[in-house]
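Residue strings, one per chain:
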Amino acid sequence: MGLITEKLVMLELDCSTKKEVIERMAKAFAEEEFVEDYEEFLTALYKREDIAPTAVGYDVGLPHGTSKTVKKPGIAFARLKTPIMWNVEEKEIAKMVFMLAIPDEGKGTDKISVLIDLSKKILDDSFREKVMKLSKVSEIARLINE
């Protein structure tokens with residue numbers, strides 16, 4: 001996939017709310033210059049969360065935002081220090097979070113393609129087990145990029 005860098009991998013991220021996780025991960029995209037405007041990207045992420053919480057099962061959150069502020073597509077990953085409630089109605093928690101940043105012009109096929117590729121990985125028990133156990137950021141980035 002080639003969409004994640006080591007600086008977008010966060011291990012043992014210490015957050016107590018979904019909002020805090022989203023803000024910290026979005027900030028990493030801004031710091032790594034994947035997005036030009038942090039606030040605008042954050043608005044896109046929250047707009048998507050308002051449609052429906054992005055819990056996908058398997059203790060995974062998958063927030064994603066499509067915005068003109070996104071300069072290049074990317075994936076950020078966070079393994080949370082403690083599980084947090086991601087979807088209150090369905091009582092779904094997240095232990096790990098994959099965040100997608102998609103340029104506005106990539107709304108269609110690019111977004112679907114990235115979501116499909118990442119979803120296939122998330123469905124794989126072996127993949128989830130590895131990202132939860134690996135201790136090196138470089139190994140996790142390589143695994144997600146495969």
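Above this text is the structure in question.
About the cut-offs
- Within any chain, residue numbers begin from 1 and follow the written order of that chain's sequence.
- Given that the model is predicted, a residue must reach a pLDDT of at least 70 before its local features are reported, and side-chain atom pairs must reach 80 or more before they are shown or counted; all residues, however, enter totals for whole chains, interfaces and linings.
- Hydrogens and waters are ignored; side-chain quantities use all the structure's heavy atoms.
- Using a 1.4 Å probe on the protein chains alone, a residue whose accessible area is under 20% of its type maximum counts as buried, one over 50% counts as exposed, and one in between counts as partly exposed.
- A run of DSSP states H or I qualifies as a helix once it reaches four residues; a run of E qualifies as a strand once it reaches two. Both are numbered from the N-terminal end.
- The arc refers to the directions leading from the helix axis to the C-beta atoms.
- The rule is short: rings of Phe, Tyr and Trp, with Trp giving its six-membered ring, pair when the centres are within 6.5 Å, and they are stacked under 30 degrees, edge-to-face over 60, tilted in between.
- Charge-over-ring contacts are defined here by two conditions on Lys NZ or Arg CZ: a distance within 6 Å of the ring centre and an angle within 35 degrees of the ring normal.
- A pair of strands is treated as paired once DSSP finds two or more bridges between them.
- Geometry is summarised by axes, namely lines fitted to C-alpha atoms with helices restricted to the contacting stretch, and by angles between N-to-C directions that run from 0 to 180 degrees.
- Any angle between 65 and 115 degrees counts as roughly perpendicular, while under 35 counts as roughly parallel, over 145 as roughly antiparallel, and the rest as oblique.
- Crossing handedness is read from the near helix: turned anticlockwise from the far helix by less than a right angle, it gives a left-handed crossing, and turned clockwise, a right-handed one.
- The contact criterion used is simple: two residues touch if any of their non-hydrogen atoms lie within 4.5 Å.
- Note that Gly is not counted as nonpolar here; it falls among the polar residues with everything else outside the nonpolar set of Ala, Val, Leu, Ile, Met, Phe, Trp, Tyr, Cys and Pro and the charged set of Asp, Glu, Lys and Arg.

S.K.: Whenever I open this one, helix 5 (residues 137-145) confuses me. Can you help?
M.R.: In an α-helix there are 3.6 residues to a turn, and that puts residues three or four apart on one side. Among all positions of helix 5, only I140, A141, L143 and I144 are buried. Relative to the axis of helix 5, the buried residues are bounded by an arc of 160° and lie together on one face.

S.K.: What exactly am I supposed to notice about unusual backbone geometry here?
M.R.: What you tend to see is this: most non-glycine residues have negative phi, and most peptide bonds are trans. With a phi angle near 60°, E33 is a residue other than glycine that sits in the positive phi range. Note that E33 resides in the loop between helix 1 (18-31) and helix 2 (38-51). Phi at Y58 is positive, roughly 60°, even though this residue is not glycine. Position of Y58 among the secondary structure elements: in the loop between helix 2 and strand 2 (60-61).

S.K.: Can you walk me through the packing of aromatic side chains in this structure?
M.R.: For any two aromatic rings, the description comes down to two numbers: the centre-to-centre distance and the angle of the planes. Overall, the coordinates contain four aromatic pairs when judged by the stated rule. Seen from their ring centres, F29 and F41 are 5.6 Å apart, and the 85° between their planes marks the pair as edge-to-face. Of this pair, F29 sits in helix 1 while F41 sits in helix 2, and the two are 12 residues apart along the sequence. Overall, F29 belongs to the buried group, its relative accessible area being 0%. Relative to F98, the ring of F77 has its centre 4.9 Å away and its plane inclined at 50°; by these criteria the two rings are tilted. In this pair, F77 sits in strand 4 (residues 74-87) while F98 sits in strand 5 (residues 92-103), placing the two residues 21 residues apart along the sequence. Using a relative accessible area of 0% as the deciding quantity, one classes F77 as buried. In this structure an aromatic cluster arises from ring pairing among F29, F34 and F41. Over the ring of Y38 we find K27, and its NZ or CZ is 4.5 Å from the ring centre.

S.K.: In this structure, what is going on with the pairing of strand 5? I would like to understand it.
M.R.: As a general feature of sheets, a regular strand has side chains that alternate between the two faces. Burial analysis of strand 5 places nine of its 12 residues in the buried class, which makes it a mostly covered element. Pairing analysis gives two bridges linking strand 2 to strand 5, with the strands arranged parallel. In the sheet register, G61 faces strand 5, and the bridge partner there is V97. Of the pairings in the sheet, the one linking strand 3 (residues 64-67) to strand 5 comprises four bridges and is parallel in character.

S.K.: Help me out: how do you make sense of the packing of helix 4 (residues 125-133) against helix 5 in this one?
M.R.: A pair of packed helices is captured by two measures, namely the crossing angle of their axes and the spacing between those axes. Relative to each other, helix 4 and helix 5 sit at 160°, their axes nearing to 9 Å. Relative to helix 5, the element helix 4 lies roughly antiparallel. Crossing handedness for the pair helix 4 and helix 5: left-handed. Contacts from F127, K130 and V131 of helix 4 reach helix 5 at I140, L143 and I144. Among the residues forming the contact of helix 4 with helix 5, the class breakdown is five nonpolar, no polar and one charged.

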